[in-house]
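These are the residues of each chain, in order.
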Amino acid sequence: MTATHEAELPEGGKPLLTTVAIGASCLAFVVIGALQALYGPAIPALRDEFGISPAVAGLSLSAHFVGALLGVLIYHLLRGRLNNRVLLGGSYVLMAAGAAAFAFSPSWALALAGTFVIGLGFGGIDYGLNQLFAVGFGHRSTAMLNLLNGHFGIGAIAGPALIGWLGADSYPEIFLGTGVISLLILVTLGGVAAREPAPAPAEGAPAGGARVLPIIAVFIGVYVLHVAIETGVGGWEPTHLEAVGYGAATAATATSAYWAAMTVGRFVAAPISLRWSAPSILLVCCVGMAGFLLLATVPALAPYAYFGVGLMIAPIFPTCLPWLNRAVPGVGAAGAYVIAASMIGGVAFPPLLGAVIDTMDVKTVPLLLFLLAVVCGVLSLWLRRNAPDPGGVSGPRDSERTDAVTPL
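Right, let's walk through the structure included here. This is a predicted model, so every value here is computed, not measured.

With respect to the overall build of the protein chain
Here is step 1 of the chain: Counting its secondary structure elements, the protein chain contains 14 helices and 0 strands.
Here is step 2 of the chain: Taking the contacts inside the protein chain whose residues are at least 6 apart along the sequence as the reference set, 82% of them involve residues at least 24 apart.
Here is step 3 of the chain: Total accessible area computed for the protein chain in this model is approximately 16,600 Å², and 70% of it derives from carbon and sulfur atoms.

Shown next as structure tokens:
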């Protein structure tokens with residue numbers, strides 16, 4: 001196959017995703033990244049418009065994530081009955097309809113319903129496109145997934161910046177704009193294959209259910225823990241930095257830099273994943289997370305250490321998904337399980353961490369997260385031994401073989 005950026009050809013001869021569809025998918029991830037990040041900056045305007053408290057306004061993000069979790073599960077359940085174009089198209093329409101409802105809602109109850117509908121579409125797009133990219137590019141799937149999820153980060157940075165530029169009162173127009181873009185993406189769905197080819201067991205992949213279930217469980221553990229660390233740093237970094245002597249502006253800037261590192265890390269990981277195996281990347285990321293979180297206990301190094309944590313976390317989600325599909329090729333639900341688990345971790349862990357901090361001291365945040373990173377590292381070692389990745393890149397010399405991956 002030539003370096004056309006198209007997905008690898010299934011048995012029927014057509015790629016799973018054409019070049020246009022790949023570009024549209026990256027744009028879709030910019031949109032969902034922006035949507036997830038827009039709720040917080042919109043809270044002041046929501047409070048003024050509907051006369052609600054900050055806690056009630058924060059329910060918008062909770063409703064979004066509940067919808068997203070259901071969107072993942074519904075998309076997975078319907079995969080065997082409906083084709084990719086119908087499911088992705090329905091997800092884009094749901095996201096656009098929810099954005100319009102949220103933008104023009106006359107009451108808070110209807111606005112919450114709008115965020116729930118946004119979440120349904122969001123979950124379908126997140127799961128559907130991640131799965132297509134995980135199986136559609138062969139050895140390049142990890143690189144392409146890092147690129148796809150890097151665009152999510154671009155949206156997460158751009159959304160709040162847009163509200164900062166236009167003002168919180170402009171949130172209806174911004175949400176409506178995301179809905180319009182979602183509808184425009186519909187015209188590119190002809191470039192998405194209706195169905196993926198049936199997975200063939202990879203050489204050396206575990207076949208027995210007794211082996212498969214622990215592997216899936218450990219992958220879920222990795223996803224829950226790394227998302228817990230991700231949201232834990234994002235939610236508590238400003239408080240921790242202020243507690244060790246930094247000003248509010250510096251703490252906010254350092255937190256923005258942390259989220260930017262998540263985006264940069266995925267783009268950097270894309271070419272790295274063409275030379276290094278998924279097990280190696282995961283292990284390095286877990287060790288790196290733990291090391292930088294230890295450095296964050298030193299006040300003078302903390303802002304820079306959190307940036308390093310962001311770089312290390314970034315590749316884990318997109319790197320492990322293709323590995324999971326290769327490790328348990330006969331379990332189509334595996335991807336849905338880990339993506340749903342990551343969403344649950346993102347919602348449930350910040351309050352749990354807050355409850356622990358209430359009984360201790362906010363200065364213990366990096367140490368608590370360090371312990372989670374250590375557990376994540378132990379799980380990565382178990383996967384490296386029990387779920388080898390024979391279908392992936394095996395080492396730094398793979399790119400030098402004549403049958404190695406094609407360049408991006």
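Read on, since the account is not over.
Digging into the packing of helix 10 (residues 278-295) against helix 12 (residues 316-327)
Here is step 1 of the chain: Where helix 10 meets helix 12, the axes come as close as 9 Å, and the angle between the chain directions of the two elements is 150 degrees. As summarised for this structure, helix 10 and helix 12 are arranged roughly antiparallel, according to the angle between their axes. You can see that helix 10 and helix 12 cross each other, and the crossing is left-handed. On helix 12, the residues touching Ala278, Pro279, Ile281, Leu282, Cys285 and Met289 of helix 10 are Ile316, Thr319, Cys320 and Trp323.
Here is step 2 of the chain: Its residues placed into classes, the contact of helix 10 with helix 12 shows 9 nonpolar, 1 polar and no charged.

Some words on the side chain of Asn149
Here is step 1 of the chain: One can find Asn149 in helix 6 (residues 141-166).
Here is step 2 of the chain: Polar contacts involving the side chain of Asn149 include one to the side chain of Asn130, which spans 3.1 Å.
Here is step 3 of the chain: Once residues within four sequence positions are removed from consideration, Asn149 is found in contact with Phe29, Asn130, Arg266, Phe317 and Pro318.

What to know about helix 4 (residues 84-104)
Here is step 1 of the chain: Look at helix 4: 30 Å from first C-alpha to last across 21 residues, which is about the 30 Å you get at 1.5 Å a residue.
Here is step 2 of the chain: All of the buried residues in helix 4 are Asn84, Leu87, Leu88, Gly89, Ser91, Tyr92, Met95, Ala96, Gly98, Ala99, Phe102 and Ala103.
Here is step 3 of the chain: Along its buried surface, helix 4 packs onto helix 1 (19-50), helix 3 (59-78), helix 5 (108-136) and helix 7 (171-185).
Here is step 4 of the chain: The opening residue of helix 4, the one whose side-chain oxygen lies 3.0 Å from the backbone nitrogen of Arg85, is Asn83.

How each quantity is defined
- Residues numbered from 1 in each chain as written.
- Predicted model: local features only at pLDDT ≥ 70, side-chain atom pairs only at ≥ 80, totals over all residues.
- Heavy atoms only, no water.
- Helix = DSSP H or I, 4+ residues; strand = E, 2+ residues; numbered from the N terminus.
- Contact = heavy atoms within 4.5 Å.
- Areas by Shrake-Rupley, 256 points an atom, 1.4 Å probe, with all protein chains shown as cover.
- Axes fitted to C-alpha atoms, helices over the stretch in contact; angles between N-to-C directions.
- Parallel < 35°, antiparallel > 145°, perpendicular 65-115°, else oblique.
- Left-handed = near helix turned anticlockwise from the far one by under 90°.
- Nonpolar A, V, L, I, M, F, W, Y, C, P; charged D, E, K, R; others polar.
- Polar contact = N/O pair within 3.5 Å; in protein donor to acceptor, adjacent residues only side chain to side chain.
- Expected span 1.5 Å × (residues − 1).
- Buried < 20%, exposed > 50% of the residue type's maximum accessible area, 1.4 Å probe, protein only.

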